[in-house]
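Inside the fold
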Amino acid sequence: MAILFDILSTAFRIYSWILIIYILLSWFPGARESSFGEMMGRLAEPFLEPFRKIIPPLGMIDISPIVAILVLNFASQGLWVLESMLR
C-alpha cells in the first residue's frame, strides 16, 4: 500500500513541475508554439481549464495556475495524511 502512495505522491510532484514549466513557457515568445510547448499544453491545459472557468484573468495576469498548483499540493498533503492514518 505504501508503494501506491509513493507512486501517487511522485505523480503529483511531477505534474506540479509540468504545470510550472508550462507557466514559465508563457514568458518566452513562441515557446508554447514549439513542439515541447505543445506537449506541455496537452498535459497541463486539461487540468488548468476548470480553474480558468472559475477564476478569470486579472488583466494580463492569470492566477488560475497558481490555484491549480495549490490544489495539487493540498491533494498531495491529503494523500500523505491518508497514508499515515492507514498505517
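Described below are features of the structure shown in this document. Note that the coordinates shown come from a computational prediction; the quantities given were computed from them, not determined experimentally. (Residues numbered from 1 in each chain as written. Predicted model: local features only at pLDDT ≥ 70, side-chain atom pairs only at ≥ 80, totals over all residues. Heavy atoms only, no water.)

**Regarding the overall build of the chain**
Heads up, the condition is: Only runs of H or I of at least four residues qualify as helices and only runs of E of at least two qualify as strands under DSSP, and these elements are numbered from the N terminus. The globule rule used here is 2.2 Å times the number of residues to the 0.38 power, and the radius of gyration it is set against is calculated over C-alpha atoms. Only heavy atoms enter the contact rule, under which two residues are in contact if any of them lie within 4.5 Å. Computed with a 1.4 Å probe, the accessible areas rest on the Shrake-Rupley method; for each residue, only the protein chains presented here act as cover. Charge convention: Lys and Arg are scored as positive, Asp and Glu as negative, and His as well as the terminal groups of each chain are ignored. Note that the charge is assigned to NZ on lysines, CZ on arginines, CG on aspartates and CD on glutamates.
Helices and strands together make up the secondary structure of the chain, namely 3 helices and 0 strands. Listing the helices and strands of the chain from first to last along the sequence gives α-α-α. A globule of 87 residues ought to have a C-alpha radius of gyration of about 12 Å, yet the chain, at 15 Å, is considerably larger. Along the first, second and third principal axes, the C-alpha set of the chain runs to 50 × 30 × 15 Å. For the chain, the proportion of contacts with a sequence separation of at least 24, taken over those separated by at least 6, is 48%. Summing over all exposed atoms, the chain offers an accessible surface of approximately 6300 Å²; the carbon and sulfur share of this is 74%. Of the side-chain charges in the chain, 6 are positive and 7 negative, and the distance between the mean point of each set is 3 Å.

**Things to note about the packing of helix α1 (residues 2–25) against helix α2 (residues 35–54)**
Stated precisely, the cut-off is as follows: Note on method: axes are straight lines fitted to C-alpha atoms, helices fitted across the in-contact stretch only, with angles between N-to-C directions ranging 0 to 180 degrees. Should the near helix be turned anticlockwise from the far one by less than a right angle, the crossing is termed left-handed; should it be turned clockwise, right-handed. Polar here means any residue other than Ala, Val, Leu, Ile, Met, Phe, Trp, Tyr, Cys and Pro, which are nonpolar, and Asp, Glu, Lys and Arg, which are charged; Gly is therefore polar.
α2 packs onto α1 with a crossing angle of 115° between their chain directions and a minimal axis gap of 9 Å. Of the two elements, α1 crosses α2, and the hand of that crossing is left-handed. Within the contact between the two elements, α1 uses Tyr15, Ile18, Leu19, Ile21, Tyr22 and Leu25 and α2 uses Phe36, Gly37, Met40, Gly41, Leu43, Ala44, Glu45, Phe47 and Leu48. Grouping the amino acids of the contact of α1 with α2 by side-chain chemistry returns 12 nonpolar, 2 polar and 1 charged.

**Notes on the packing of aromatic side chains**
Our working definition: Between the rings of Phe, Tyr and Trp (Trp by its six-membered ring), a pair exists once the centres lie within 6.5 Å; its type follows the angle of the planes, with under 30 degrees stacked, over 60 edge-to-face, and the other angles tilted. By definition, being over a ring means that NZ of Lys or CZ of Arg is both within 6 Å of the ring centre and within 35 degrees of the ring normal.
Under the criterion given, the structure shown has 2 aromatic pairs. It is arginine 32 that lies over the ring of tyrosine 22; its NZ or CZ is 4.0 Å from the centre.

**A word on the pattern of salt bridges**
The line we're drawing: The salt bridge definition used is simple: a Lys or Arg side-chain nitrogen within 4 Å of an Asp or Glu carboxyl oxygen. Partly exposed residues are those whose accessible area sits between 20% and 50% of the maximum for their type, while under 20% is buried and over 50% is exposed, using a 1.4 Å probe and protein chains only.
Considering all chains together, one arrives at 3 salt bridges under this definition. Its salt-bridge partner being arginine 52, residue glutamate 45 comes within 2.6 Å of it at the nearest N-O pair. Residue class for glutamate 45 comes out partly exposed when judged on its relative accessible area of 23%. With a closest N to O distance of 3.6 Å, lysine 53 and glutamate 49 form a salt bridge. Linking lysine 53 with glutamate 49, this pair stays in helix α2, spanning 4 residues, or about one helical turn. Of the residues examined, lysine 53 reaches a relative accessible area of 65% and is grouped as exposed. By relative accessible area, which is 42% here, glutamate 49 ends up partly exposed.

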